[in-house]
Amino acid sequence: MKDFDLRNLDFNNAGAFAPPVKAFFCVLIIALLLLGGWYFFVRDQLLALEGLQTTERDLRTDFEFKAGKAANLEPLKRQLEEMGILLQQMLRQLPSRNEMPDLIVDISQTALASGIQNELFQPGEESTKEFYAEKPIKLRMVGAYHQFGAFVSGVASLPRVVIMTMHDIVLTPKQGKDGLSTGNLVLEGTIKTYRYLDEDEKTGAQVQ
C-alpha cells in the first residue's frame, strides 16, 4: 500500500478515496466510537461497580460481626441471669431493715469491747439506692493500734455480713495535756454500712 498524505486528501470528495484510505478512516471512526462509548458509559458503570463492591465488603463485614454477636447472645443472657441471681444472694447476706438498728449497736459495742473509747458515734440519715440502702455514721474513736485491729476483726466476726466503707478518715496521735503523745490514736471521719432493701422498698425506689 502506497503512503498517503492527509494534507493532499480532498474531504469534500471522500467517495473518491482509495480503498485503503477508506478502510483506515472506518477503523479510526469505529475506534473513536468505542472510546467515546467506554468513557461516557462503561467508565461510569465500572465506577458504580467498584462502589457496589466496596458496599458489599462493608455489609459482609458488618453481617459477620453481628452474626458473631448473635451467636454469643444466648450464653451472655444466661451469664447475665446467673450474675443477677448471685447479686441477689449476696445482697440477702446483708442486714435487713429490722436488723439494722441492732447492727449499729453491735458495731458500737464491738468498739467498746476492743478497748476503744467512742467519743462520737452518731448515725446519720439513711439513703436508699437501687438495690441497697446505706447508713452513714460519724465517729471519733480513741484507742491503740492493736485495739483498732481487734475492732475490725470483731466487726468481721459478727453473725450478719457487715460491709463498712470509710470516708474522710483522719488518723492522728492522741496528745496528752503536756502536749506529748499518749501512745493512742484518734480516728475521725465517717463510715457507711449497708443493708438490702425489702421488696416494698425496691418497688418504691423504682417508682422514684
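Refer to the structure printed above.
First things first, this report covers the structure right here in the doc. (Residues numbered from 1 in each chain as written. Predicted model: local features only at pLDDT ≥ 70, side-chain atom pairs only at ≥ 80, totals over all residues. Heavy atoms only, no water.)

**Observations regarding the overall build of the protein**
1) Next: If you tally the helices and strands in the protein, you get five helices and five strands.
2) Next: Order of helices (α) and strands (β) in the protein, N terminus to C terminus: α-α-α-β-β-β-α-β-β-α.
3) Next: The buried share of the protein, taken over its 208 residues, is 23%.
4) Next: Partitioning the contacts of the protein with sequence separation of at least 6, the portion at a separation of at least 24 is 60%. (Helix = DSSP H or I, 4+ residues; strand = E, 2+ residues; numbered from the N terminus. Buried < 20%, exposed > 50% of the residue type's maximum accessible area, 1.4 Å probe, protein only. Contact = heavy atoms within 4.5 Å.)

**Details of the environment of Leu91**
1) Next: Within the fold, Leu91 resides in helix H2 (residues 73-92).
2) Next: When its relative accessible area of 11% is taken as the criterion, Leu91 is described as buried.
3) Next: A C-alpha to C-alpha distance of 7.7 Å links Leu91 and Tyr132, two positions 41 residues apart in sequence.
4) Next: Not counting chain neighbours up to four residues away, the residues in contact with Leu91 comprise Phe131 and Tyr196.

**Thoughts on a nonpolar patch on the surface**
1) Next: A cluster of nonpolar side chains, namely Phe24, Leu28 and Leu32, defines an oily patch on the protein surface of about 270 Å² accessible area.
2) Next: Looking at where Leu28 falls in the secondary structure, it is placed in helix H1 (residues 19-71).
3) Next: For Leu28, a relative accessible area of 36% corresponds to the partly exposed category. (Patch = residues over 30% accessible without salt bridge, like charges linked within 9 Å, V, L, I, M, F, W, Y side chains within 5 Å. Areas by Shrake-Rupley, 256 points an atom, 1.4 Å probe, with all protein chains shown as cover. Salt bridge = Lys/Arg side-chain N within 4 Å of Asp/Glu carboxyl O.)

**Regarding unusual backbone geometry**
1) Next: Even without being glycine, Asp168 reaches a positive phi, approximately 55°.
2) Next: Its location among the elements puts Asp168 in strand E4 (residues 164-175).

**Some words on the nonpolar core**
1) Next: By size, the foremost hydrophobic cluster in this structure holds 18 residues, and its most contacted members are Ile107, Phe121, Met141 and Phe151.
2) Next: Among the secondary structure elements, those contributing two or more residues to this core are helix H3 (100-113), strand E3 (132-143), helix H4 (145-156) and strand E5 (181-196).
3) Next: Here the element with the most residues in this core is H3; it accounts for five residues.
4) Next: Setting aside residues up to four positions removed in sequence, Phe121 forms contacts with Ile104, Ile107, Ser108, Ile137, Lys138, Leu139 and Met141. (Core = buried A, V, L, I, M, F, W, Y, C linked by side-chain atoms within 4.5 Å.)

**Some points on the side chain of Ser114**
1) Next: Within the element layout of this structure, Ser114 appears in the loop between H3 and strand E1 (117-123).
2) Next: Beyond its immediate chain neighbours, meaning those up to four positions away, Ser114 contacts Gln147, Ala150 and Phe151.

**Observations concerning H3**
1) Next: Its 14 residues give H3 an end-to-end C-alpha distance of 20 Å, which sits within 8% of 20 Å, the value for a rise of 1.5 Å per residue.
2) Next: Among the residues of H3, Met100, Leu103, Ile104, Ile107, Ser108, Thr110 and Ala111 are the ones counted as buried. The arc enclosing the buried residues of H3, seen along the axis, measures out at 155°, which places them on a common side. Facing away from the buried side of H3 by more than 90 degrees, the exposed set consists of Asp102 and Ala113.
3) Next: Within two residues after H3, Gly115 carries a phi angle of roughly 90°, on the positive side. (Expected span 1.5 Å × (residues − 1). Arc of directions from axis to C-beta.)

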